[in-house]
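# Structural description and commentary
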Amino acid sequence: MNTMSVPSKNKSLFTAIREVVSHIPEGKVATYGQIAKKVGSNDARKVGWAIYNNQNPKVPCHRVVKKDGSVAENFSLGGWQEQKSRLLSEGVTFSTEKQVDLERHLWRI
DNA sequence: AATTTGACAGCGA
DNA sequence: GTCGCTGCCAAAT
């Protein structure tokens, strides 16, 4: 009966998104759309937006990529290169210079 | 209270 | 394959 699939409406999307993102295992990545659905919103923008307006160090935002696996070009902490560097450190492989290999590292919710 | 913003996603030309 | 607009919707100012 625990409708855990649906986050508590008590929490703001901030909290919901932060939780979901922080639940991404190392070496895995999730797409904005995926997280968006997880939090109950079909708006992928708010996913990045939430982190963008918070920059929580506890949130592995570098594990969040676009649906194509491409990293966010407007990544705040130094650019997509910074994100890529972190992902590589976790064992994530890249299909292209800016795209993560979703076939191998897409996180399954 | 109203307006602006926003690290996307989807479709069309 | 690239470029551009639209849609969604909550938070920040």
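Everything here concerns the structure above.
Notes on the structure in this doc start here. It should be emphasised that the depicted structure is a prediction, and the values quoted were computed from it without experimental measurement. (Residues numbered from 1 in each chain as written. Chains lettered and ligands numbered in written order. Predicted model: local features only at pLDDT ≥ 70, side-chain atom pairs only at ≥ 80, totals over all residues. Heavy atoms only, no water.)

### Considering helix α1 (residues 13-22)
Let me state the cut-off plainly: Only protein chains enter the calculation, and the probe is 1.4 Å; a residue is then buried if its accessible area is under 20% of its type maximum, exposed if over 50%, and partly exposed in between. Counting from the N terminus, the helices are DSSP H or I runs at least four residues long and the strands are E runs at least two residues long. The arc under discussion is defined with respect to the helix axis, by the directions toward the C-beta atoms. Contact criterion: two residues are considered in contact whenever any of their non-hydrogen atoms come within 4.5 Å of each other.
Turning to α1, its buried residues are A16, I17, V20 and V21. Along α1, the residues classed as buried sweep out an arc of 120 degrees about the axis, all on the same side. In this fold, the buried residues of α1 make contact with α2 (32-38), α3 (44-52) and β2 (64-65).

### Section: the pattern of salt bridges
Threshold: Just to be clear on terms, a salt bridge is a Lys or Arg side-chain nitrogen sitting within 4 Å of an Asp or Glu carboxyl oxygen.
Scanning the model with the defined rule gives seven salt bridges in all. Note that E82 is salt-bridged to R86, the shortest N-O span being 3.2 Å. Here the residue E82 and the residue R86 both occupy positions in helix α4 (residues 80-89), the gap between them amounting to four residues, near one helical turn. Each of the salt bridges in this network shares a partner with another, and the network as a whole consists of E26, R63 and E90.

### Let's talk about the protein's contact with DNA strand C
How we decide: For this purpose, a residue is taken to be near a molecule or strand whenever a single non-hydrogen atom of the residue falls within 4 Å of it. Polar contacts here mean pairs of N or O atoms no more than 3.5 Å apart (in protein, one a potential hydrogen donor and the other a potential acceptor; neighbouring residues in sequence count only if both atoms are side-chain atoms). By the convention adopted, Pro, Cys, Tyr, Trp, Phe, Met, Ile, Leu, Val and Ala count as nonpolar, Lys, Arg, Asp and Glu as charged, and the other residues, Gly among them, as polar.
Around DNA strand C, the structure places S12, L13, F14, D43, R45, K46, W49 and N53. Counting only atoms of DNA strand C within 4 Å of the protein, the sugar-phosphate share comes to 60%. In this structure, a base oxygen belonging to DNA strand C sits 2.7 Å away from a side-chain N or O atom of D43. Here R45 contributes a side-chain N or O atom positioned 2.4 Å from a base oxygen of DNA strand C. With three residues, the top contributor of residues to the surface near DNA strand C is α3. Each residue belonging to the surface near DNA strand C can be placed in one class, and the counts come to three nonpolar, two polar and three charged.

### Here we look at the layout of surface pockets
Threshold: Cavity and pocket criteria rest on a 1 Å grid covering protein atoms alone: a 1.4 Å probe that fits but cannot get out defines a cavity, protein on both sides within 12 Å along at least 5 of 7 lines defines an open pocket, and an atom within 4 Å of a point defines a lining residue. Grid points are joined across faces, edges and corners, and a volume is the space filled by probe spheres set on the points.
Here the largest pocket is characterised by a volume of approximately 530 Å³. Surrounding the largest pocket, 24 residues form its lining, Y32, G48, Y52, A72 and F75 being those nearest its centre.

### Some points on the nonpolar core
This is how the line gets drawn: The nonpolar core is taken to be a set of buried Ala, Val, Leu, Ile, Met, Phe, Trp, Tyr and Cys residues, with the residues joined through side-chain atoms within 4.5 Å.
I17, V21, I24 and I35 are the most contacted members of the largest nonpolar core, which totals 19 residues. Of all the secondary-structure elements, those providing two or more residues to this core are α1, α2 and α3. The element contributing the most residues to this core is α1, with four residues. Counting eight residues, the second largest nonpolar core, distinct from the first, contains V65, V71, L87 and V92.

### Focus: the protein's contact with DNA strand B
Neighbouring DNA strand B are 14 residues, the closest being R45, I51, Y52, K67 and N74. Between DNA strand B and R45, the relevant distance is 2.9 Å, taken from a base nitrogen to a side-chain nitrogen or oxygen of the residue. Contact between DNA strand B and Y52: a base nitrogen at 3.2 Å from a main-chain N or O atom of the residue. At the level of elements, α2 and α3 are the ones that each hand at least two residues to the surface near DNA strand B. Sorting elements by how many residues they give to the surface near DNA strand B places α3 first, with six residues. In terms of residue class, the surface near DNA strand B is made up of seven nonpolar, three polar and four charged.

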